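Breakdown of the fold
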Amino acid sequence: MNIAILGTGNVGGALGTHWARVGHHVIFGFRDPESAEAKKLLASSGSNANGATVGEAVKAGEVVVAALPWPQVKEILGGLDLNGKILFDCTNPLLPNLAGLEVGTTESGGEQVAVAAAGARVVKVFNTTGFANMADPVYQGKPTVMFYCSDDADAKAVAKRLTSDLGFDAVDAGPLTNARLLEPLALLWIWLANIGGLGRDIAFQLVKR
């Protein structure tokens, strides 16, 4: 599958590199595809990844992954033609000091992204854990959980496949409004890892009796 990655920091880099290594074609969208940053990321991602401008990446991608900083994501997505595209929203509407969320319980960042990215088929996913777990989601031989939510059944099926391809336990968390639940869950992970003293080598697992 052709996967466009918007945002080449820790999250976008981890997801794109892992997908490329398991056989997907990844197109990283860069402001400058010839920059040293771009060349370094592509060198570590292998032959299944290449770089392009943001617009070129979106055009080529069957799936577009938004791993952008929250303050910029709506403006950037609003300037792109995403009509009909499956869009993975990996962002969280965090306050700058990580003390809370800009929106929650009655609205979500995922719903705001869906408004900004007019016509896109939005899936909230890859927002509830750290980037190191996206590179390796298996703990003690067992997959950690990745929840996803969307109003589009076909987009959900793609999310399940691509999430499972990385080694996660992919769990359907319902409609896009349930991003109101997943974004606070992300804040809990961040608090446990950074303030609660557990460190970033932690993840959630879903167990069944």
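See the structure above.
Structural notes, computed from the coordinates.

Cut-off values and rules
Residues numbered from 1 in each chain as written. Predicted model: local features only at pLDDT ≥ 70, side-chain atom pairs only at ≥ 80, totals over all residues. Heavy atoms only, no water. Phe/Tyr/Trp six-rings, centres within 6.5 Å; stacked < 30°, edge-to-face > 60°. Helix = DSSP H or I, 4+ residues; strand = E, 2+ residues; numbered from the N terminus. Buried < 20%, exposed > 50% of the residue type's maximum accessible area, 1.4 Å probe, protein only. Salt bridge = Lys/Arg side-chain N within 4 Å of Asp/Glu carboxyl O. Axes fitted to C-alpha atoms, helices over the stretch in contact; angles between N-to-C directions. Left-handed = near helix turned anticlockwise from the far one by under 90°. Contact = heavy atoms within 4.5 Å. Nonpolar A, V, L, I, M, F, W, Y, C, P; charged D, E, K, R; others polar. Core = buried A, V, L, I, M, F, W, Y, C linked by side-chain atoms within 4.5 Å. Polar contact = N/O pair within 3.5 Å; in protein donor to acceptor, adjacent residues only side chain to side chain. Right-handed = clockwise from strand over helix to strand, strands pointing away. Pairing = 2+ DSSP bridges.

In this section: the packing of aromatic side chains. The description of two aromatic rings rests on the distance between their centres and on the angle between their planes. The tally for this structure, following the rule as stated, stands at four aromatic pairs. Seen in terms of ring centroids, W19 and F126 are 5.6 Å apart; in terms of plane orientation they differ by 85 degrees. Their pairing is edge-to-face. Here the residue W19 occupies a position in helix α1 (residues 10-21), and F126 occupies one in the loop between β6 (121-124) and α6 (131-135), the gap between them amounting to 107 residues. In this pair, the class of W19 matches that of F126, namely buried.

The full count for this structure, using the stated rule, is six salt bridges. The partner of E183 in a salt bridge is K124, with the nearest N and O atoms 2.7 Å apart. With E183 in helix α8 (residues 179-194) and K124 in strand β6, this pair connects stretches of sequence that are 59 residues apart. Both residues of the pair, E183 and K124, belong to the buried class.

Next up on the list: the packing of α1 against helix α2 (residues 36-45). The geometry of α1 relative to α2 is characterised by a closest axis approach of 9 Å and an angle of 35 degrees between their N-to-C directions. Both α1 and α2 take part in a crossing whose hand is right-handed. Facing α1, whose interface residues are G13, T17, A20 and R21, α2 presents L41, S44 and S45. Per-class residue counts for the contact of α1 with α2 are two nonpolar, four polar and one charged.

L15, W19, V65, F88, V123 and F126 are the most contacted members of the largest nonpolar core, which totals 30 residues. Mapped by element, the contributors of at least two residues to this core are β1 (2-6), α1, β2 (25-30), α2, β4 (63-66), β5 (86-89), β9 (145-150) and α7 (153-165). If near-sequence neighbours (up to four positions away) are discounted, F126 is found in contact with L15, W19, F88, C90, M134, M146, T163, L166 and F168.

On the secondary structure map, T144 appears in the loop between β8 (142-143) and β9. A relative accessible area of 2% places T144 in the buried class. A polar contact of 2.7 Å, which involves the side chain of T144, links it to the backbone oxygen of P137. Not counting residues within four places of it along the chain, the set of residues in contact with T144 comprises P137, Y139, F168, D169, A203, F204 and Q205.

Below, the discussion takes up the pairing of β1. With four of five residues buried, β1 is to be regarded as a mostly interior element. For the handedness criterion, the β-α-β arrangement of β1, α1 and β2 is classed as right-handed. In this structure, β1 lies alongside β4, joined through four bridges in parallel fashion. Bridging across to β4, L6 finds its partner in A66.

Our next topic: the environment of S45. Examined against the element boundaries, S45 turns out to sit in helix α2. Sequence separation of S45 and A14 is 31 residues, and the distance between their C-alpha atoms is 9.2 Å. Discounting residues that sit within four places of it in the chain, S45 has contacts with T17, A20, R21 and F28. Among the polar contacts listed, one links the side chain of S45 to the backbone oxygen of L41, at a separation of 2.8 Å.

Structural measurements only, silent on function.
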